[in-house]
Every structure is written in structure tokens, then in C-alpha cells.
Amino acid sequence: MNTSKLQSFAAEARRSFMGAVSARLEAALVPNSPVQVNSPNVFNQLEQELRKYGGGQQGKDHVVERYAYRWFNRIIAFRYMDAHGFTSMPVVSAADVTDVNGLPEVLAAAKRGEYDSNVFEATGTSNAKLRDAVEALFNGSTHSDDPQGQAYGLLLQAECRYWHKFMPFMFENTNSTFGKIDELLMPADLLAEGSVLRRAIEVMTPEDCEDVEIIGWLYQFYIAERKDEVMAGFKKSKKAGANEIPAATQLFTPDWIVRYLVQNSVGRLWMQNHPDCQLYKTWEYYI
């Protein structure tokens with residue numbers, strides 16, 4: 001696993017997604033924006049969340065940080081699942097998951113008129129409506145400057161809705177506040193060259209995805225800049241709040257450190273009480 005590539009990617013992804021989510025947020029806040037006119041309930045929920053976290057720039061910063069991270073998590077999760085064959089149709093990867101330039105298979109299939117029945121038929125009418133919207137983009141009945149990109153955004157939303165029933169901690173219920181805002185603030189241009197999605201496919205090779213630690217490393221590298229900001233604040237005697245504590249304390253623990261800690265704590269107690277036991281001979285990190 002090339003951790004230096006993962007580190008560079010995660011740092012770039014954070015900056016890219018925060019910029020993309022910020023652009024979506026600012027567009028939504030423009031007076032008489034489409035979301036205010038067409039989806040007033042969603043806009044009201046967005047305003048409530050902004051106020052909840054202090055309003056003004058403070059509220060915006062919190063919302064941007066939160067939803068950029070949520071979309072990063074999803075892209076990483078889908079790439080990992082695609083590489084392992086957990087998705088019946090690759091969601092962010094091409095049909096050949098080693099292909100770094102191909103269209104995501106869910107999009108390529110939709111262009112052929114093919115849709116995963118599990119996603120679009122077994123989950124109720126909400127995804128069926130998304131499928132109709134995708135078809136309207138493809139046949140031109142809905143005008144768009146980027147029909148392929150917009151169609152992919154809808155397909156990605158449909159996949160998130162489907163996977164909610166299996167992993168609600170990762171994919172929010174679209175009927176919840178977070179779920180509706182998730183879709184509103186979804187980063188644009190996911191298919192563009194050099195996008196976070198494209199880079200994820202490049203750096204998360206199927207071989208690297210054989211090691212589940214890749215997810216932990218990406219988490220640690222993603223929050224590294226935020227951690228540096230928090231630690232710099234501590235040096236200036238700034239008190240830690242609820243927003244600062246996770247970045248300062250939640251670190252990824254590699255497997256070898258876990259083994260070292262377990263073997264020299266629980267393992268040591270076991271050996272003290274079972275001196276004739278030979279298990280310790282298989283403990284690589286036992287002192």
C-alpha cells in the first residue's frame with residue numbers, strides 16, 4: 001500500500017470537496033435560488049442547521065466541513081465495495097474495476113437502458129422517480145448543460161438511498177434532515193478529470209483494497225490538516241470544543257499497534273495466570 005499517495009489524495013480531496021460543497025451552499029443561499037423556490041422545506045432545514053452551529057460564517061464553515069466529509073466517506077466506501085464485488089453494479093468504478101478512465105458502470109449501464117432492479121424497483125417510488133429523471137436527461141426532454149454528469153449525480157443518490165438500509169451510519173435516510181441536505185450539497189463534476197472520484201479509483205487499487213487498513217489511513221490523512229489547525233489553536237491557549245476534540249483525538253490505529261497493546265496487556269495477564277501456556281510463542285509483539 002502506497003501511503004504517500006493516499007496522504008496526498010486525502011488532503012487534496014478534503015480541499016476539493018470543501019470547495020465544491022461551499023459552492024453548492026452559496027448557490028442555495030442566493031435569494032430566490034432554485035432550492036428556495038422549488039424545495040422550501042429542504043432550504044428551511046439547511047437554514048436551521050446553519051443557525052444550530054452559530055449562523056453566519058461559523059455556521060457555513062461547520063456545514064461545509066460536515067458534508068464534504070460525508071461525501072468523501074461515501075466515495076471511498078463505494079470504491080472499496082466495488083473493488084470487493086459487494087456492489088452488483090460498480091457505483092464509482094468501471095465494469096473493469098482496474099480501469100481508471102472508464103465511466104462508472106451504473107452510468108454506462110443506464111446509458112444502455114439497464115438499471116439494477118434491486119436499487120430502482122425494490123426500494124419504493126423515490127428511486128423510480130430518479131430513474132425517470134435520468135431517462136429524461138438522456139432523451140433530451142430535460143435540458144442540461146451536462147446531462148451525463150447530472151444523470152450520474154442522480155444515480156449516485158439512488159445508490160445512497162438503497163444502501164441506507166444496510167449501512168445507515170454511512171448513507172443517510174433521505175427523509176431525514178441530513179439526507180435532504182446531503183443531496184442538495186453533493187459536489188458537482190464528479191466525473192471530471194482529476195476529480196476526487198477519479199483520483200479515488202487511481203489510488204485505491206484493487207490490490208490495495210485487499211487491506212482494510214486503507215480506510216483507516218484515508219481517514220487519518222483526511223483529517224490531518226484539521227488536526228494541525230486544532231493543535232495550533234491549543235498552542236495559543238484556545239479551549240477545545242465539541243468540534244475540535246474529534247480532530248485532535250480520533251486517530252487511526254494500525255493492526256500491529258493493536259496487536260502490541262493486546263498481547264502486552266490481556267496477553268500478559270493470561271500468561272501470568274497460565275504459566276504453562278504456549279500461546280505467547282505465536283505473539284509477534286509480546287515482550
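The structure contained in this document is the topic of the report that follows. Note that this is a predicted model, so its numbers are computed, not measured. For every chain, the first residue of its written sequence is number 1, and the numbers climb from 1 along that sequence. Local features in this predicted model are restricted to residues whose pLDDT is 70 or higher, and side-chain atom pairs enter the listing and the counts only when it is 80 or higher, whereas totals over whole chains, interfaces and linings include all residues. Calculation of side-chain values draws on the structure's entire complement of heavy atoms; hydrogens and water are dropped beforehand.

As for the packing of helix α1 (residues 3-29) against helix α4 (residues 56-84)
Relative to each other, α1 and α4 sit at 125 degrees, their axes nearing to 8 Å. Looking at the two axes, α1 sits oblique to α4. In this structure, the crossing between α1 and α4 has a hand that is right-handed. Counting all contacts with α1, which are made through F9, A10, A13, R14, F17, M18, V21, S22, L25, E26 and L29, the residues of α4 involved are K60, V63, V64, E65, Y67, A68, W71, F72, I75 and I76. Interaxial angles span 0 to 180 degrees and are taken between N-to-C directions of axes, which are lines fitted to C-alpha atoms, for helices over the stretch in contact. Elements are defined by DSSP. Helices are runs of H or I of four residues or more, strands are runs of E of two residues or more, and each kind is numbered from the N terminus. Angular relationships are summarised with four words: roughly parallel below 35 degrees, roughly antiparallel beyond 145, roughly perpendicular across 65 to 115, and oblique for the angles in between. What makes a crossing left-handed is the near helix being turned counterclockwise from the far one by less than a right angle; a clockwise turn instead makes it right-handed. By definition in these notes, contact holds between two residues if any of their heavy atoms fall within 4.5 Å.

Observations concerning the side chain of D116
Relative to the assigned elements, D116 resides in the loop between α5 (105-111) and α6 (117-120). Any residue under 20% of the maximum accessible area for its type is buried, any over 50% is exposed, and the rest in between are partly exposed; the area is computed with a 1.4 Å probe on protein chains only. Positive residues here are Lys and Arg, negative ones are Asp and Glu, while His and the chain termini are left out of the count. The salt bridge criterion pairs a side-chain nitrogen of Lys or Arg with a carboxyl oxygen of Asp or Glu, the two atoms within 4 Å. Comment: no salt bridge for buried D116; closest opposite-charge side chain is R131, at 9.5 Å. Look past the residues within four positions of D116 in its chain and what remains in contact with it is S88 and M89.

Here's the deal with the packing of aromatic side chains
Only the six-membered ring of Trp is used, alongside the rings of Phe and Tyr, when aromatic pairs are assigned; centres must lie within 6.5 Å, and planes under 30 degrees apart are stacked while those over 60 apart are edge-to-face, with the rest tilted. This model, assessed by the stated rule, comprises 14 aromatic pairs. Consider the rings of W217 and F252, whose centres lie 5.1 Å apart with planes at 70 degrees: the pair is edge-to-face. Pair noted here: W217 is in helix α11 (residues 213-222) and F252 is in the loop between α13 (245-249) and α14 (255-263), with a separation of 35 residues, a long-range link. Each residue in the set F9, Y69, F72, Y219 and Y222 is aromatic and connected to the rest through ring pairs, giving one cluster. The lysine or arginine in question, R74, covers the ring of W71, its NZ or CZ lying 4.7 Å from the ring centre. Note on criteria: charge over ring means Lys NZ or Arg CZ within 6 Å of the ring centre, with the direction from the centre no more than 35 degrees off the ring normal.

Here's the deal with the pattern of salt bridges
In total, this model carries 15 salt bridges according to the counting rule given. With its nearest N and O atoms 2.7 Å apart, the salt bridge here joins R259 to D255. Of the two residues, R259 and D255 both sit in helix α14, four residues apart, roughly one turn of that helix. Take R259: its relative accessible area is 42%, and that puts it in the partly exposed class. One continuous salt-bridge network, built from bridges that share partners, spans R14, R15, E65 and E225.

Concerning the nonpolar core
Within soluble globular proteins, side chains that are nonpolar tend to cluster in buried spots. Nonpolar core, defined: a set of buried Ala, Val, Leu, Ile, Met, Phe, Trp, Tyr and Cys residues in which side-chain atoms within 4.5 Å join the residues together. With 72 residues, the main nonpolar core has F9, F72, F78, Y152, L156, F171 and L218 as its most contacted residues. It is α4 that provides the largest number of residues to this core, a total of 13 residues. With residues up to four places along the chain from it excluded, the contact list for F78 reads T87, V91, V92, L156, E159, C160, W163 and F171.

Without other data, these values stay purely geometric and don't point to any function.
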